[in-house]
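Tertiary structure, described
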Amino acid sequence: MPGGVSSPVRAIDPYPFYVEKASDSRIWDVDGNLYIDYCMGYGPLILGHAHPAVYAAVAEQLKSGWDYGTPVKAEIDLAERIQADFPSMEMLRFVSTGTEATMSAIRTARGFTGKDTIVKVEGGYHGAHDAVLVKPGSAAISAASSLGVPAAAVEHTVQVPFNNVEALSGALEKNDAACLIIEPVMGNIGPVVPEETYLSDVRKVTEENETLLIFDEVITGFRLCIGGAQCLYGVTPDLTTLGKIAGGGFPMGVFGGTREIMEYVAPSGGVFNAGTFSGHPVSLAAGLATLSVLNEEGYRRVNGLGDLLRRMLVDLLEELDVRIAVQGIGTMFQVFFTEKPVRNYRDALTCDTSLYKKFSAYMRDEGIFLAPSQYETNFISLAHSNEDLEYTIRASANAFERLYSLDVDTPGY
Ligand SMILES: *Cc1c(COP(=O)(O)O)cnc(C)c1O
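Residues numbered from 1 in each chain as written. Predicted model: local features only at pLDDT ≥ 70, side-chain atom pairs only at ≥ 80, totals over all residues. Heavy atoms only, no water.

1. Comments concerning the sheet that holds strand E14 (residues 332-336)
Here is the rule: Pairs of strands are assigned from DSSP output, requiring at least two bridges between the strands. By the criteria applied, helices consist of DSSP H or I runs no shorter than four residues and strands consist of E runs no shorter than two, each listed in order from the N terminus.
Overall, antiparallel pairing links the three strands, which are arranged E13-E14-E16 in an open sheet. Edge positions in the sheet fall to strand E13 (325-329) and strand E16 (378-379), since each has one partner strand and no second. Relative to E16, E14 runs antiparallel, the two being bridged by two bridges. Counterpart to Met332 in the pairing with E16 is Phe379.

And the structure:
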């Protein structure tokens, strides 16, 4: 296996730990070490590991077989549930991954508008398909950020900085674009929130330029609140992509939007989309079970834990006189090893990634599993407790002291 792993971020230096089992907020490696997990499968596990409701739903499905190649009732149930929470998704299609969801949403936008150009945000991640694997650079230059991606596959991909509506406006005036695809809260350079009116300005500018707006809510959908970022910020996109939580920890992607646009998808329309495992009964069961556990009160509690952890981290850093940024929203958080707040990809590039790498390694020594890359988001789940957070802060104090060779005995830790 290249790098010894099945996905690059898992290649922790000098070698990754191998997991044997997990439950709630805990994960155990094959050597018997226990970690409080904030990686949480990189996003899907908002209920924590091995939640009994998801286990029961999956076990129940397995008794009846697990793959039919036909429609199943659970598809309708989950579609109706998603539509109730995301009214902008008048029609939707189930696929197997977030990558497929964004690839298909972009194809649908191109098919519907008859335009080739797409606009994305620098540092925005939309999965591993050609059109979105673009090296961030000036809006005029689109270079592939992976070998094996033909120049032709990215020549129609334009990039703009996050939190900058003037740049978007300029790009859309210069390029007649089919769509803008954007993570409404960025999650794949660490969490970066949209500034005050940014998303509503984005909506206005895309509309004025007859460019479809795709919200990639693969992370934020069912993460920030029940209706995702579009509900939280009150901005309605034309198309939405979901994944991660929607499958309850099993492979899942969803794309959907207005009926007018989604009628273009095959077999209703001419935009091709298909998949052997699309709408897989086990993923549908896990997704439905996960969503049935989530409610307003749960979000209030778990988002409160996020606020508390960020506040405790800020207090700790102040006490240690270490000037780095703590960012996030709700259950999403990250420590950025840079002084200024991170507003976009360029800011994120000022981070000292080697310091983060050491910090996350020291945290593993303390029994805390953080995402191993500076440019990932950490996640709190409903299974995390106040005690977990307090332990995490004590561990952070130790890790920062080791990192900065601080010769202080931090009071209270
Ligand atoms: C994870 C992610 C994807 C890709 O989803 P996969 O299921 O890994 O293919 C797409 N967009 C965003 C915003 C993501 O975080």
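2. What to know about the domain arrangement of the protein chain
For clarity, the threshold we go by: Note that domain bounds follow an automatic or database assignment of domains. We call two residues in contact when some of their heavy atoms are within 4.5 Å. Defined here as a combined quantity, buried area equals the accessible surface (1.4 Å probe) lost by two parts on assembly, summed across both. Every case where a carboxyl oxygen of Asp or Glu lies within 4 Å of a side-chain nitrogen of Lys or Arg is listed as a salt bridge. Two N or O atoms count as a polar contact when they lie within 3.5 Å, although within protein this holds only if one can serve as hydrogen donor and the other as acceptor, and sequence-adjacent residues are included solely when both atoms are side-chain atoms. Three categories are distinguished: nonpolar for Ala, Val, Leu, Ile, Met, Phe, Trp, Tyr, Cys and Pro, charged for Asp, Glu, Lys and Arg, and polar for the others, with Gly belonging to the last.
For the protein chain, the assigned domains read domain 1 (2-50 + 295-403) and domain 2 (66-293). Taking only C-alpha atoms into account, the centre of domain 1 sits 26 Å from that of domain 2. With 30 residues of domain 1 in contact, the opposing surface of domain 2 contributes 32 residues. In total, about 2500 Å² of surface goes out of reach between domain 1 and domain 2, with carbon and sulfur atoms giving 62% of it. On the domain 1 side of the contact with domain 2, Tyr299, Arg343 and Tyr345 bury the most area, a combined 25% of that side's loss. Taken together, the connections running from domain 1 to domain 2 amount to two salt bridges. Among the ionic pairs, Arg343 bridges to Glu195, the shortest N-O distance being 2.5 Å. Counting across the domain 1 and domain 2 interface gives ten residue pairs in polar contact (both at pLDDT 80 or more). Of all the elements in the fold, those that place two or more residues in the side of domain 1 that touches domain 2 are helix H10 (296-320), E13, E14 and helix H11 (345-348). Its residues assigned to classes, the side of domain 1 that touches domain 2 comprises 16 nonpolar, ten polar and four charged.

3. Describing the pairing of E13
Regular strands show a simple pattern: their side chains alternate between the two faces of the sheet. For clarity, the threshold we go by: Between buried and exposed lies partly exposed: a residue is buried under 20% and exposed over 50% of the maximum accessible area for its type, with that area taken using a 1.4 Å probe on protein chains only.
Of all five residues in E13, four are buried, a share of seventy percent or more. By the bridge criterion, five bridges tie E13 to E14 in an arrangement that is antiparallel. When the bridges of E14 are listed, Ile329 appears paired with Met332. Between the end of E13 and the start of E14, which pair antiparallel, lie two residues, with Gly330 showing a positive phi angle near 55°.

4. Here's the deal with empty space enclosed by the protein
Rolled over the atoms, a probe with the dimensions of a water molecule shows which regions are left empty. Quick note on the threshold: Only protein atoms enter the calculation, which uses a 1 Å grid: trapped sets of points that fit a 1.4 Å probe without letting it out are cavities, open sets showing protein on both sides within 12 Å along at least five of seven lines are pockets, and any residue with an atom within 4 Å of a point is a lining residue. Grid points are joined across faces, edges and corners, and a volume is the space filled by probe spheres set on the points.
Summed over all chains, the structure comprises one cavity of 30 Å³ or more. Of the volumes computed, that of the largest cavity is approximately 60 Å³. As for the largest cavity, its lining consists of Leu309, Leu313, Phe333, Gln334, Val335, Tyr356, Phe359, Met363, Leu370, Asn378, Thr392 and Ser396. Where the lining of the largest cavity is concerned, the elements lending two or more residues are H10, E14, helix H12 (353-365) and helix H13 (386-403). Residues of the lining of the largest cavity, tallied by class, amount to eight nonpolar, four polar and no charged.

5. Regarding the nonpolar core
Cut-off, in case you're wondering: Only buried residues count toward a nonpolar core. Its members are Ala, Val, Leu, Ile, Met, Phe, Trp, Tyr and Cys residues joined through side-chain atoms within 4.5 Å.
The biggest cluster of nonpolar side chains holds 65 residues, and the ones touching the most others in it are Tyr38, Ile82, Phe222, Leu294, Phe337, Phe359 and Phe400. The element that contributes the greatest number of residues to this core is H10, accounting for nine residues. Ignoring sequence-local partners within four residues, the contact set of Tyr38 consists of Leu309, Phe333, Ile368, Phe369, Leu370, Asn378, Phe379, Ile380, His384, Asp388, Leu389 and Thr392. One finds Val119, Val160, Leu172 and Val235 within the second-largest nonpolar core, a separate group that totals 28 residues.

6. Quick notes on the site of the ligand
Filter applied, for reference: We call a residue near a molecule or strand as soon as one heavy atom of that residue lies within 4 Å of the molecule or strand. Each accessible area value is a Shrake-Rupley result obtained with a 1.4 Å probe; residue values ignore everything except the protein chains displayed when judging cover.
Around the ligand, the neighbouring residues are Thr97, Gly98, Thr99, Tyr125, His126, Gly127, Glu183, Asn188, Asp216, Val218, Ile219 and Lys244. Within the backbone of Gly98, a nitrogen or oxygen atom sits 2.8 Å from an oxygen atom of the ligand. At 3.3 Å from a nitrogen atom of the ligand is found a main-chain nitrogen or oxygen belonging to Tyr125. Expressed as a share of its isolated accessible area of 380 Å², the protein-covered part of the ligand is 83%.

7. Structural notes on the packing of aromatic side chains
Stated formally: Only Phe, Tyr and Trp rings take part, Trp by its six-membered ring, and two of them pair if their centres are within 6.5 Å. Stacked means planes under 30 degrees apart, edge-to-face means over 60, and tilted covers everything else.
A full pass over the atoms with the stated rule returns eleven aromatic pairs. The interplanar angle of 55° and the centroid separation of 5.6 Å between the aromatic rings of Phe337 and Phe359 together place this pair among those described as tilted. With Phe337 in the loop between E14 and H11 and Phe359 in helix H12, this residue pair connects regions lying 22 residues apart in the sequence. Given a relative accessible area of 4%, Phe337 falls into the buried group. The class of Phe359 is buried, set by a relative accessible area of 1%. Connected via pairs of aromatic rings, a cluster forms that spans Phe337, Tyr356, Phe359 and Phe400.

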